[in-house]
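Structure assessment
Residues per chain are reported as follows:
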Amino acid sequence: GAVVSQHPSRVICKSGTSVKIECRSLDFQATTMFWYRQFPKQSLMLMATSNEGSKATYEQGVEKDKFLINHASLTLSTLTVTSAHPEDSSFYICSASGLAGDTQYFGPGTRLTVL
Amino acid sequence: SQKIEQNSEALNIQEGKTATLTCNYTNYSPAYLQWYRQDPGRGPVFLLLIRENEKEKRKERLKVTFDTTLKQSLFHITASQPADSATYLCALDMRNTDKLIFGTGTRLQVFP
């Protein structure tokens, strides 16, 4: 139980293009989903928190117009990196938590490379 | 601001020994603390959660302790195996939110 998937697992794009990453909770309803970014040899940094049907809450320093988050259902959240630049290259990981709220279950991550 | 430190960037131990990883935090009083395992290029996998009113929790070969006075958690893997080699992350909750703050992790290498 508590399986979270992400798609795609890796993506390479040209600078200036937009990339969409999907996060799905496969066997439970996720009231809250989180998006993290992880640079090499660093820990996970929370980017934003989203609740189904509500606008996402972004952490300080994260541009909401650049990282668009949509949480349209209890099993799907999407992160769109708009006008991507090489400095956006990173490992993006989503997590989901159910009604209990304590434990976050993580997706396998998406490796984004912007050329 | 909250700060989380994991004792070392890397820890090398011999198979069969007990691995002990440390997580220290400052300027904070979490309601609970979690430990995750992360393999290269993969997302973290939840291992154990321990609450502020719990001293110790066990799961198979894993044991976690939580000392809110010392502001420290210890994570033990007994009878370690090469398959235990991974990065282990501790994470604290932010009270009254669902957010977690992660430590930088300790990379454990168990050699035969």
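Presented here is an overview of the structure given in this document. Just so you know, the residues in each chain are numbered from 1, in the order the chain's sequence is written. Lettering for chains starts from A, numbering for ligands starts from 1, and both go in the order in which the items are written. Per-residue local features of the predicted model are confined to residues with pLDDT of at least 70, and side-chain atom pairs are confined, for both listing and counting, to 80 or more; whole-chain, interface and lining totals are unaffected and use all residues. To get the side-chain values, take all heavy atoms of the structure and skip hydrogens and water.

**A few points about the overall build of chain B**
The helix count covers DSSP runs of H or I at least four residues long, the strand count covers runs of E at least two residues long, and both are numbered beginning at the N terminus. Within chain B, the regular secondary structure consists of 0 helices and 11 strands. Secondary structure elements of chain B, listed N to C terminal, follow the sequence β-β-β-β-β-β-β-β-β-β-β. The globule rule is 2.2 Å times the number of residues to the power 0.38, and the radius of gyration it is compared with is taken over C-alpha atoms. Whereas a compact globule of 112 residues would reach a radius of gyration of roughly 13 Å, chain B reaches 13 Å, a difference of no more than 12%. In terms of its C-alpha atoms, chain B occupies a principal-axis envelope of roughly 45 × 30 × 20 Å. Counting across all 112 residues of chain B, residues that qualify as buried make up 46%. A sequence separation of at least 24 residues applies to 55% of the contacts in chain B between residues at least 6 apart. Note on areas: these come from Shrake-Rupley sampling with a 1.4 Å probe, and a residue is covered only by the protein chains present in the view. Counting only carbon and sulfur atoms, one obtains 47% of the accessible surface of chain B, whose full area is about 5,700 Å². Charged residues are defined narrowly, with Lys and Arg counted positive, Asp and Glu counted negative, and His plus the chain ends left uncounted. Where a charge lies is defined by one atom per residue type: Lys uses NZ, Arg uses CZ, Asp uses CG and Glu uses CD. Side-chain charges of chain B comprise 15 positive and 12 negative groups, with the mean position of each set lying 0 Å from the other. Each residue is assigned to one of three classes by its accessible area relative to the maximum for its type, calculated with a 1.4 Å probe on protein chains only: buried under 20%, partly exposed between the two thresholds, exposed over 50%. Pairs of residues are marked as contacts when any of their non-hydrogen atoms sit within 4.5 Å.

**A closer look at the interface of chain B and chain A**
Between chain B and chain A, the residue contacts involve 18 residues of the former and 18 residues of the latter. As a working definition, buried area equals the accessible area (1.4 Å probe) given up by two parts on being put together, with both sides summed. Carbon and sulfur atoms make up 51% of the surface buried where chain B meets chain A, a total of about 1,500 Å² over both sides. Counting the surface chain B buries against chain A, the share from its top three residues, Asp-98, Lys-99 and Phe-102 of chain B, is 32%. A side-chain nitrogen of Lys or Arg and a carboxyl oxygen of Asp or Glu constitute a salt bridge if their distance falls within 4 Å. The tally of links between chain B and chain A comes to 1 salt bridge. The shortest N-O distance in the salt bridge between Glu-59 of chain A and Lys-99 of chain B comes to 2.7 Å. In the analysis that follows, any N or O atom pair within 3.5 Å is treated as a polar contact, provided that within protein one partner can donate a hydrogen and the other can accept it, and provided that, for residues neighboring in sequence, both atoms belong to side chains. At the junction of chain B and chain A, the tally comes to 5 residue pairs in polar contact (both at pLDDT 80 or more). Those elements giving two or more residues to the side of chain B that touches chain A turn out to be strand S4 (32-38), strand S5 (45-51) and strand S10 (100-102) of chain B. The element best represented in the side of chain B that touches chain A is S4 of chain B, accounting for 4 residues. Looking at the side of chain B that touches chain A residue by residue, the class counts come to 8 nonpolar, 6 polar and 4 charged. Ten residues, namely Ala, Val, Leu, Ile, Met, Phe, Trp, Tyr, Cys and Pro, are considered nonpolar, four, namely Asp, Glu, Lys and Arg, are considered charged, and the remaining ones, Gly among them, are considered polar.

**Topic: the packing of aromatic side chains**
Residues and elements named next belong to chain A. Stacked, edge-to-face and tilted are the three classes for Phe, Tyr and Trp ring pairs, Trp counted by its six-membered ring, which pair at centre distances within 6.5 Å; planes under 30 degrees apart are stacked, over 60 edge-to-face, the rest tilted. One pass over the structure, following the stated rule, counts 12 aromatic pairs over all chains. Seen from their ring centres, Phe-28 and Tyr-105 are 6.0 Å apart, and the 65 degrees between their planes marks the pair as edge-to-face. On the criterion of sequence distance, the pair formed by Phe-28 in the loop between strand S3 (19-25) and strand S4 (32-38) and Tyr-105 in strand S10 (residues 105-106) is long-range, its members being 77 residues apart. Judged by its relative accessible area of 29%, Tyr-105 is partly exposed.

**Describing the state of the cysteines**
The rule for a disulfide is simple: a pair of cysteine sulfur atoms within 2.5 Å. Considering all chains together, one arrives at 2 disulfides over all chains under this definition. Put simply, Cys-23 of chain A and Cys-94 of chain A are joined by a disulfide, and their sulfur atoms are 2.0 Å apart. Given an S-S torsion of about 80 degrees, the disulfide between Cys-23 of chain A and Cys-94 of chain A has right-handed geometry. Of this pair, Cys-23 of chain A sits in strand S3 while Cys-94 of chain A sits in strand S9 (residues 90-97); the two residues are 71 residues apart in sequence, bridging distant segments of the chain. Judged on exposure class, the residue Cys-23 of chain A and its partner Cys-94 of chain A are both buried. Here Cys-23 of chain B connects covalently by a disulfide to Cys-90 of chain B, the sulfurs 2.0 Å from one another. Its S-S torsion of about 65 degrees marks the bond between Cys-23 of chain B and Cys-90 of chain B as right-handed, since a negative value means left-handed. Of this pair, Cys-23 of chain B sits in strand S3 (residues 19-26) while Cys-90 of chain B is found in strand S9 (residues 86-93), placing the two residues 67 residues apart along the sequence.

**Focus: the pairing of S3 of chain A**
In the case of a regular strand, side chains alternate between the two sheet surfaces. Residues and elements named next belong to chain A. Going residue by residue along S3, you find Val-19, Ile-21, Cys-23 and Ser-25 tucked away on one face and Lys-20, Glu-22 and Arg-24 left uncovered on the opposite face. Where strand S1 (residues 4-7) and S3 come together, 4 bridges link them in antiparallel fashion. Bridge assignment links Val-4 to a residue of S3, and that residue is Ser-25. Here S3 runs beside strand S8 (residues 76-81); their pairing, made up of 6 bridges, is antiparallel. Bridge pairing in S8 links Arg-24 to Leu-76. Strand pairing is defined by DSSP finding a minimum of two bridges between the two strands.

**Side note on the pattern of salt bridges**
What the rule picks out here adds up to 8 salt bridges over all chains. In this structure, Arg-24 of chain A engages Glu-22 of chain A in a salt bridge whose closest nitrogen and oxygen atoms are separated by 3.5 Å. Residues Lys-57 of chain B and Glu-54 of chain B are paired through a salt bridge, measuring 3.5 Å at the closest nitrogen-oxygen approach. Of the residues examined, Glu-54 of chain B reaches a relative accessible area of 23% and is grouped as partly exposed.

So, to be careful, I would describe these as geometric facts and stop short of saying anything about function.
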